[in-house]
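# A structural walkthrough
Here is how the chains run, residue by residue.
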Amino acid sequence: MAPSSNYTLIALLVAFAVVAPSLQHQSAAARDGGVAKLVTAPAPSANGEVVVLHPTASYEIPDLPLPRIIPCPPLFPKIPFIPCYNVAPPPPPPPPRPKECWTTLVKSLVPPCSGFLTNNGGACESEAPSRKCCDGVKLFLSGDRSVYDPLCLCHVMNGDVSQLLPAAVNHTCALALVQACLDGVNPQPFSDLCNNDQSIKDEMPPMDLPEPPPPATGNTA
Ligand SMILES: *[C@@H]1O[C@H](CO)[C@@H](O)[C@H](O)[C@H]1NC(C)=O
């Protein structure tokens, strides 16, 4: 026998030694109930039908007794004989949060709520905030989280939003706004959190992005 076919034979033997136990396992299963079928099935049955046998047990290639040091390929079939460990897919990254509140406040909240927040003409004493205003407020809780941040409402509670309004925010009206638009929210604790809770203050996006540093000029006089 030529040396190369020797190697082929050895490889085949190793493969068989590994596969054989599972084959025995399968035939044992067949003996348990299917043996009569196996013996009689290949013959054509009385009415001329040919019964075709399909292996019913799912066939698994066992792993070689090696340590599981490589991760299982996630998208491809497992490599035969090579043990691998399952890798949990990494959790999806949290959606990016908005970096400032100015854009969404100007777009959705300030235009319809301006009169109510400043108590213009006694608006917040006598009336409920308009439907449009409340829809704008609600967007901060239920809108796209990568665009609307609930903590941007803190800028309404702490008065920062005044810089976008024709007059200063009336804090009583800001509380009334939150209470009227967000059913079930107790406005005072919410306001207290916005104004006093350091972790909330750290987390809330600023009104504006910080000014970019002025471009360096080459020739300073
Ligand atoms: C704020 O609005 C309330 C009524 O909601 C009013 O009584 C109060 O005088 C207003 N405050 C200011 C400073 O305008």
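Per its UniProt entry, the protein bears the Sequence similarities (unreviewed entry) comment "Belongs to the plant LTP family."

## Here's the deal with the site of the ligand
Residues in close proximity to the ligand include N119, C124, E125, N170, T172 and C173, which together make up its full environment. Of the residues in the shell around the ligand, the class split is two nonpolar, three polar and one charged.

## Let's talk about the environment of E125
Residue position: E125 is located in helix α3 (residues 123–126). Residue class for E125 comes out exposed when judged on the 11 C-beta atoms lying within 10 Å of it. When the C-alpha atoms of E125 and A176 are compared, they prove to be 9.2 Å apart, with 51 residues separating the residues in sequence.

## Observations concerning the packing of helix α2 (residues 102–117) against helix α6 (residues 171–181)
Running from N to C, α2 and α6 point in directions that differ by 125 degrees, and their axes come no closer than 9 Å. Relative to α6, α2 is oriented oblique. On α6, the residues touching C113, F116 and L117 of α2 are C173, A174 and L177. Partitioning the contact of α2 with α6 into residue classes produces six nonpolar, no polar and no charged.

## Structural notes on the nonpolar core
Grouped together as the largest cluster of nonpolar side chains are 26 residues, with contacts concentrated most on F116, L117, L153, A174 and L177. Those elements that provide at least two residues to this core are α2, α4 (131–142), α5 (154–157) and α6. Element by element, the count of residues in this core is highest for α2, at six residues. Discounting residues that sit within four places of it in the chain, L153 has contacts with F140 and V178.

## Side note on the environment of K78
Relative to the helices and strands, K78 resides in the loop between β1 (70–71) and β2 (84–85). Linking K78 and I61, residues 17 residues apart in sequence, is a C-alpha distance of 9.7 Å. Apart from the residues lying within four places of it in its own chain, the contact partners of K78 are C72 and C84.

Cut-offs and rules
Residues numbered from 1 in each chain as written. Predicted model: local features only at pLDDT ≥ 70, side-chain atom pairs only at ≥ 80, totals over all residues. UniProt positions renumbered as here; feature names shortened; annotations may be inferred. Near = placed C-beta within 6 Å. Nonpolar A, V, L, I, M, F, W, Y, C, P; charged D, E, K, R; others polar. Helix = DSSP H or I, 4+ residues; strand = E, 2+ residues; numbered from the N terminus. Buried ≥ 20, exposed ≤ 12 C-beta atoms within 10 Å, placed from the backbone. Axes fitted to C-alpha atoms, helices over the stretch in contact; angles between N-to-C directions. Parallel < 35°, antiparallel > 145°, perpendicular 65-115°, else oblique. Contact = placed C-beta atoms within 7 Å. Core = buried A, V, L, I, M, F, W, Y, C linked by C-beta atoms within 7 Å.

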